[in-house]
Amino acid sequence: MHIRIHSRLAVLAAACAFAGANAFAATPAEMRKDFEAAAKTAMPGFSGLSAARGEQFFKTTHGKDWSCATCHGVRPVTDGKHTVTGKLITPLAPVANASRTDLAKTEKWFKRNCSDVLGRECTAAEKGDVLEYLLTLNKG
Amino acid sequence: MKTKWSKTLSLALICSLSVPVAAIADNLFAGTNAKWKAECGSCHVAYPAQLLPTSSWQRMMKGLDKHFGTDASVDTSTAAEIGAFLEKHAGSKRGIAGETTMRVSETAWFEREHRKVDAATWKNIKVKSAANCAACHTAAEAGDYRERGIRIPQQEITR
């Protein structure tokens with residue numbers, strides 16, 4: 001009896017994990033493409049995403065106290081650290097962190113973090129540039 | 001008494017139910033909730049609900065876009081679920097029930113419990129903030145604050 005219930009629970013847990021993981025699944029490359037398309041719609045003359053612009057954006061402040069690198073580090077292939085609470089943040093760059101594939105989560109954090117760093121939401125071009133930069137990083 | 005799993009229960013409902021943690025004596029998580037753990041445990045350890053009263057949690061959940069100087073906003077259905085969870089497990093003991101602060105680390109209970117921790121320890125760069133429970137309570141992530149898990153970080157030698 002016990003065993004039966006447990007195996008049911010295990011199946012259920014697996015099903016839940018599967019449903020959860022795939023709710024808004026998107027590879028970082030797919031997200032990058034979507035941001036680029038949105039940027040082109042917003043700005044007809046937009047010439048394409050730039051990793052250099054993304055890196056610059058990531059490492060500088062924008063009128064407030066923090067930059068993206070303040071919490072995610074200047075090398076986001078390694079762990080970051082929340083600047084106020086000290087809590088560890090796993091690497092932001094997809095090459096070093098296989099779990100960066102949840103579009104709803106990515107959008108939620110862009111919204112929060114851009115509000116803290118810029119005092120407004122980020123544009124599609126800014127988000128795309130950051131992703132372009134993160135995707136050029138190597139693990140080594 | 002037999003437990004029958006109703007097949008009419010949707011998977012979504014089951015997935016959103018809180019999963020009880022293994023009952024360890026002195027575990028401060030009276031219960032847990034997946035959304036609460038994920039959302040409220042991303043920037044700091046998820047603080048045990050019983051350490052603040054209902055009124056504090058209600059006030060906090062209304063102002064998540066301006067949460068201690070940072071934007072911690074969640075969508076409305078997530079906020080409703082987390083709010084209900086926090087209120088269900090909020091502290092009701094005398095002392096905690098009368099608190100008005102939104103900081104666990106400013107409650108009279110916290111100060112009493114930590115009166116033996118000296119000023120230099122609080123200032124240690126590795127602690128940074130009294131809210132950084134996990135700096136000393138190595139199992140805080142699991143809601144375990146028992147003494148055997150306490151490690152006071154060594155002072156950084158700066159002088």
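Our structure is the block above this text.
Summarised in this report is the structure supplied together with it. (Residues numbered from 1 in each chain as written. Chains lettered and ligands numbered in written order. Predicted model: local features only at pLDDT ≥ 70, side-chain atom pairs only at ≥ 80, totals over all residues. Heavy atoms only, no water.)

1. Remarks on the overall build of chain A
A tally of helices and strands in chain A yields six helices and two strands. Taken from the N to the C terminus, the helices and strands of chain A come in the order α-α-α-α-β-β-α-α. Counting only residues that meet the buried cut, chain A has 39% of its 140 residues in that class. Sequence separation of 24 or more characterises 57% of the internal contacts of chain A that already satisfy a separation of 6 or more. As displayed, chain A has an accessible area near 8,000 Å², and 61% of this comes from carbon and sulfur atoms. (Helix = DSSP H or I, 4+ residues; strand = E, 2+ residues; numbered from the N terminus. Buried < 20%, exposed > 50% of the residue type's maximum accessible area, 1.4 Å probe, protein only. Contact = heavy atoms within 4.5 Å. Areas by Shrake-Rupley, 256 points an atom, 1.4 Å probe, with all protein chains shown as cover.)

2. Examining the packing of aromatic side chains
Applying the stated criterion to the full structure yields five aromatic pairs over all chains. Between Phe35 of chain A and Phe110 of chain A the ring centres are 5.9 Å apart and the planes differ by 90 degrees, which places this aromatic pair in the edge-to-face class. Taken together, the residues Phe35 of chain A in helix α2 (residues 28-42) and Phe110 of chain A in helix α5 (residues 103-118) connect sequence positions 75 residues apart. By relative accessible area, which is 6% here, Phe35 of chain A ends up buried. What makes Phe110 of chain A buried here is its relative accessible area of 16%. Look at Phe58 of chain A and Tyr133 of chain A: their rings are 5.7 Å apart centre to centre, the planes differ by 55 degrees, and that puts the pair in the tilted class. Here Tyr133 of chain A lies in helix α6 (residues 124-136) and Phe58 of chain A lies in helix α3 (residues 51-59), a separation of 75 residues in the sequence. By way of ring pairs, the aromatic residues Trp109, Phe110 and Trp122 of chain B are connected into one cluster. Here the basic side chain of Arg112 of chain A rests over the ring of Trp109 of chain A, its NZ or CZ set 4.4 Å away from the ring centre. (Phe/Tyr/Trp six-rings, centres within 6.5 Å; stacked < 30°, edge-to-face > 60°. Lys NZ or Arg CZ within 6 Å of the ring centre and 35° of its normal.)

3. Focus: α6 of chain A
Note: α-helices contain 3.6 residues per turn, so residues at a spacing of three or four share the same orientation. All names here are of chain A. Look at α6: 18 Å from first C-alpha to last across 13 residues, which is about the 18 Å you get at 1.5 Å a residue. Counting buried residues along α6, 11 of its 13 residues qualify, which places the element largely inside the surrounding structure. By the burial criterion, the buried members of α6 are Ala124, Ala125, Glu126, Lys127, Gly128, Asp129, Val130, Leu131, Glu132, Tyr133 and Leu134. Packed against the buried residues of α6 are α2, α3 and α5. (Expected span 1.5 Å × (residues − 1).)

4. Some details on the nonpolar core
The biggest cluster of nonpolar side chains holds 26 residues, and the ones touching the most others in it are Trp36, Trp57 and Leu86 of chain B. Looking at this core, the elements that each hand over two or more residues are α3 (54-62) and α4 (76-89) of chain B. Look past the residues within four positions of Trp36 of chain B in its chain and what remains in contact with it is Phe29, Gly31, Gly41, Ala46, Tyr47, Ile82, Phe85 and Leu86 of chain B. Of all hydrophobic cores here, the second largest spans 19 residues; its members include Val77, Leu92, Val130 and Leu134 of chain A. (Core = buried A, V, L, I, M, F, W, Y, C linked by side-chain atoms within 4.5 Å.)

5. Observations concerning the packing of α3 of chain A against α6 of chain A
Residue and element names in this part refer to chain A. Between α3 and α6, the shortest axis-to-axis distance is 7 Å and the interhelical angle comes to 100 degrees. Taken together, the axes of α3 and α6 are roughly perpendicular relative to one another. Judged by residue contacts, Ala51, Arg53, Gly54, Glu55, Phe57, Phe58 and Lys59 of α3 engage Glu126, Asp129, Val130, Glu132, Tyr133 and Thr136 from α6. (Axes fitted to C-alpha atoms, helices over the stretch in contact; angles between N-to-C directions. Parallel < 35°, antiparallel > 145°, perpendicular 65-115°, else oblique.)

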